[in-house]
Structure formats: C-alpha cells, structure tokens
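In case you want the letters, here they are:
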Amino acid sequence: MTYPDVYKAAEDRYENAKFRRSGQTGLKLPEITLGLWHNFGNDRPLNTQREILRAAFDAGVTHFDLANNYGPPPGSAEENFGRIFAQDFKPHREELLISSKAGWRMQDGPYGFGGSRKYIVGSCDASLKRMGLDYVDIFYHHRPDPETPIEETISALDFLVRSGRALYVGVSSYSPELTRRAQKIARELGTPLTIHQPSYSMFNRWIEDSLLETCAEEGMGVIAFSALAQGLLSNRYLDGVPEHSRLGEHKMSEDFLNEDTLKAIRELHSIAEQRGQTLAQMAIAWVLRRPEVTSALIGASSVEQLHQNIAALDAAPFSEEELNKIDQWATDRGINQWQGATESV
Ligand SMILES: NC(=O)c1ccc[n+]([C@@H]2O[C@H](COP(=O)([O-])OP(=O)(O)OC[C@H]3O[C@@H](n4cnc5c(N)ncnc54)[C@H](OP(=O)(O)O)[C@@H]3O)[C@@H](O)[C@H]2O)c1
C-alpha cells in the first residue's frame, strides 16, 4: 500500500469518537488511547507505524502514549513518532494529547533510572527533543522509586508543569497508599496529579482492590494499560503462537500462556462470540465498564487490529448475567509484571 505524502485528516474523525473526563479535572481523554511501547521501534517499518497512527487519529483517537524507553532501542519510538508528527500531525498539535514518562531504565549510570529530579527533568527534555515538541500534554513518573523521597519526585513533576514542559502530570504503577501520599504533596505544591496509569485487564484485576476507589477519591482519572493483556485477550493465540506476535518474538514471558490461561481465553472467546464481538473488543469494553476508568490504553501491530479495537466502543453494555459469566474466567493469571515496582515502596 502506498500513502499520499500529504496527510489530510479524516473530516468525520470526531463523529463517533467518545471522550471521558479524567477524574475531577478538565482534561478529556478518548475512550481508547494508542500506546507506542511495542510496534514503533526501529524494528518496524516506519510506513506501518505511520499507517497505524494516521488510522488512529482519523478514528478520533486523539491520545498517543509514549515513554523515554520505548523502542527498541530505547528512545526510538519517540524519534519515530517525532518524524511522523512532523510530517503528518503538526497542524493538529492542539487536537492531540501526547504523553511521555520517565522512571524505568533509560541509560546507564545513576541518572538513567528512578525518580530523582535530575533524571525526570533531564529525561523530559530529551523526550521533547526526540519528538520535536515544545511540550507534552501529560508527563508521568513511570514507576515508584524506593530510593528517592516521594517529595523530590513530585516536586520535579510540579517543576515540569511550571516550566511549560508538561501541561498535566501523573503517576504509573503506584500503590493506593503511595498514590494518596503523592497526591497530597502535589496538591500542596499546587499541581495536583491528573491521572494514574496502572495495568488492568480481565487477567490482571489488582486495581479493583482499592486503587480505583483511591483515584476516584483523589480526583484522578485512570488510564488502564495492557487492556488486552498484551494480546492474550484476543484471538491471537487460539491456534498456537504465530511467529510474528508478541509471544512469538519473545517480547512477553512464555509463562503467561499456560494451559489454564488458554482454557480461560477459549471460554472468554466464546462469551464474546455470543455477544457478537471479538474477544479483543470484549476485553476493551470490559475495562471501560468501570466509570473510574477514563481510557483503555491499547497497542496494535496493524491497522486491522486498531480498527477492530476501536469498534469495541459500539458494543452493547454488559448484562449482569454476562458479567457473572465473564467473572468465572476473568481472574488474575500471574501476568502483572509491574507488581514488583508497585510493591517496591
Ligand atoms: N505505564 C507502564 O508501565 C506501561 C507498561 C506497559 C504498557 N504501557 C502502555 O500501554 C500501551 C499498551 O500496552 P500493550 O501493548 O501491552 O497493550 P495490549 O493492548 O494489551 O496489547 C497489544 C498487543 O495485543 C495484540 N493485539 C492488539 N489488538 C489485537 C486484536 N484486535 N487482535 C489480536 N491481537 C491484538 C497485538 O499483539 P501482536 O504484536 O502480537 O500483534 C498488540 O501489539 C503501551 O503501548 C504503553 O503505551 C504502559
């Protein structure tokens, strides 16, 4: 497929788009956000990336989620996004929410990991340069850091906003207790946290214990990442492991797909079929059934996947009976690889 060199955004892009307010803030997010963790590094053709990003924006997905370390190699997803942004999206800058993060390992040395002011501010500047942006819309602390006082991390986020580098700030994978502490400090500084980004899916339900309630009480929105459990909650692995898939390319732990989990996938697939949906669509609708969830943060390796996922928003609401049936199979499957970071503080 060839692409016109000059991108003209679809005129009807907002016709079916749905938005939700992030907690008690003024910021609205699309119900589906596209993340660039995988599929946007230098291991993927730039044209495919461009095609997926264009298709997303054309369908009303106004939010792209990045981080300093997305690739491979780390930094390349931001560079590639920057190239495509310059070619296609620059005239639409004010229509877009672009987020980035720092916290996980980015580069060697003491300033390439954690939550110090040195790492966060330096990393934000590097992200802006890679993407060719003057500011990001949301900047996150990507994971708790047990070595840095939370006051230092949150004051660095406050500084990003005051210095014009970010419009809003948030945290990712913070426990309920740490979220409360962080929000108290942020409020005292005058830059309340707008949003929390935790993992959440039918196979990873930790946020239902108390994080969802905490965020609601603290006025924060929730953007739920890996809503498809990295592709497990789809038809991707029903007939084995495709060579070109997250599991086939060893970008996800092989332990995540065991016999028990495959059985649950098959059962959920059949419930989705009865609803007239694909499993991926049901997984997205399920995450969005919670009013505390502002946006379902998904990935896609093709335009077809993206289109299928966006169509999840047309689904009928779940009946009590359907939710009960899903609950039998929607249980924690040991796939929360971010749990260690959450529990580190
Ligand atoms: N804050 C954090 O610490 C953190 C951590 C992880 C992710 N995130 C964010 O969350 C975003 C989403 O994470 P994720 O990529 O793990 O999300 P995901 O939506 O759970 O998984 C995406 C993968 O699922 C497969 N897929 C998607 N739609 C499909 C469909 N309709 N049918 C079949 N397979 C489908 C694709 O896998 P194949 O490649 O096999 O086709 C795709 O790459 C990331 O890009 C990032 O922005 C944040």
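Residues numbered from 1 in each chain as written. Predicted model: local features only at pLDDT ≥ 70, side-chain atom pairs only at ≥ 80, totals over all residues.

The protein has the name L-glyceraldehyde 3-phosphate reductase in an unreviewed UniProt entry, where Corynebacterium gerontici is given as its organism. The protein has a UniProt comment under Sequence similarities (unreviewed entry) that states "Belongs to the shaker potassium channel beta subunit family." (UniProt positions renumbered as here; feature names shortened; annotations may be inferred.)

Draft legend 1. Region of interest: unusual backbone geometry. A cis amide bond, omega 5°, links Gly71 with the succeeding residue Pro72. Secondary-structure assignment places Pro72 in the loop between strand S4 (63–65) and helix H2 (76–89). Across the junction of Pro72 and Pro73, the peptide omega takes the value -10°, indicating a cis bond. By secondary structure assignment, the location of Pro73 is in the loop between S4 and H2. (Helix = DSSP H or I, 4+ residues; strand = E, 2+ residues; numbered from the N terminus.)

Draft legend 2. Representation of the site of the ligand within the structure. Around the ligand, the surrounding shell holds 32 residues, and the nearest of these are Gly35, Trp37, Gly231, Ser234 and Gly299. Of all the secondary-structure elements, those providing two or more residues to the shell around the ligand are strand S10 (293–298) and helix H9 (303–310). Considered class by class, the residues forming the shell around the ligand number eleven nonpolar, 18 polar and three charged. (Near = placed C-beta within 6 Å. Nonpolar A, V, L, I, M, F, W, Y, C, P; charged D, E, K, R; others polar.)

Draft legend 3. Looking closely at the packing of helix H1 (residues 46–58) against H2. Where H1 contacts H2, the two axes come as close as 10 Å, and the packing angle between them is 55°. Here H1 lies oblique to H2, going by the angle between them. Where H1 crosses over H2, the handedness of that crossing is right-handed. Residues Leu46, Gln49, Arg50, Leu53, Arg54 and Phe57 of H1 form the contact with H2, whose own contacting residues are Asn80, Arg83, Ile84, Asp88 and Phe89. Residues belonging to the contact of H1 with H2 are distributed by class as follows: five nonpolar, two polar and four charged. (Axes fitted to C-alpha atoms, helices over the stretch in contact; angles between N-to-C directions. Parallel < 35°, antiparallel > 145°, perpendicular 65-115°, else oblique. Left-handed = near helix turned anticlockwise from the far one by under 90°. Contact = placed C-beta atoms within 7 Å.)

Draft legend 4. Layout of helix H7 (residues 259–274). Taking 1.5 Å as the rise per residue, H7 with 16 residues should run 22 Å; its terminal C-alpha atoms sit 23 Å apart, in good agreement. Along H7, the positions that sit buried rather than exposed are Thr261, Ile265, Leu268 and Ala272. The arc that holds every buried residue of H7, seen down its axis, measures 75°, which confines them to one face. Turned more than 90 degrees away from the buried face of H7 sit Glu259, Asp260, Lys263, Arg266, Ser270, Glu273 and Gln274, all of them exposed. Turning to H7, the residues buried within the fold contact helix H8 (279–287) and helix H10 (320–327). Two residues or fewer past H7, Gly276 is found with a positive phi of approximately 75°. (Expected span 1.5 Å × (residues − 1). Buried ≥ 20, exposed ≤ 12 C-beta atoms within 10 Å, placed from the backbone. Arc of directions from axis to C-beta.)

Draft legend 5. Representation of the environment of Glu304 in the model. For Glu304, the position within the fold is in helix H9. A residue is classified by how many C-beta atoms lie within 10 Å of it, and Glu304, with 11 of them, is exposed. As for Glu304 and Ile120, which are separated by 184 residues in sequence, their C-alpha atoms are 36 Å apart.

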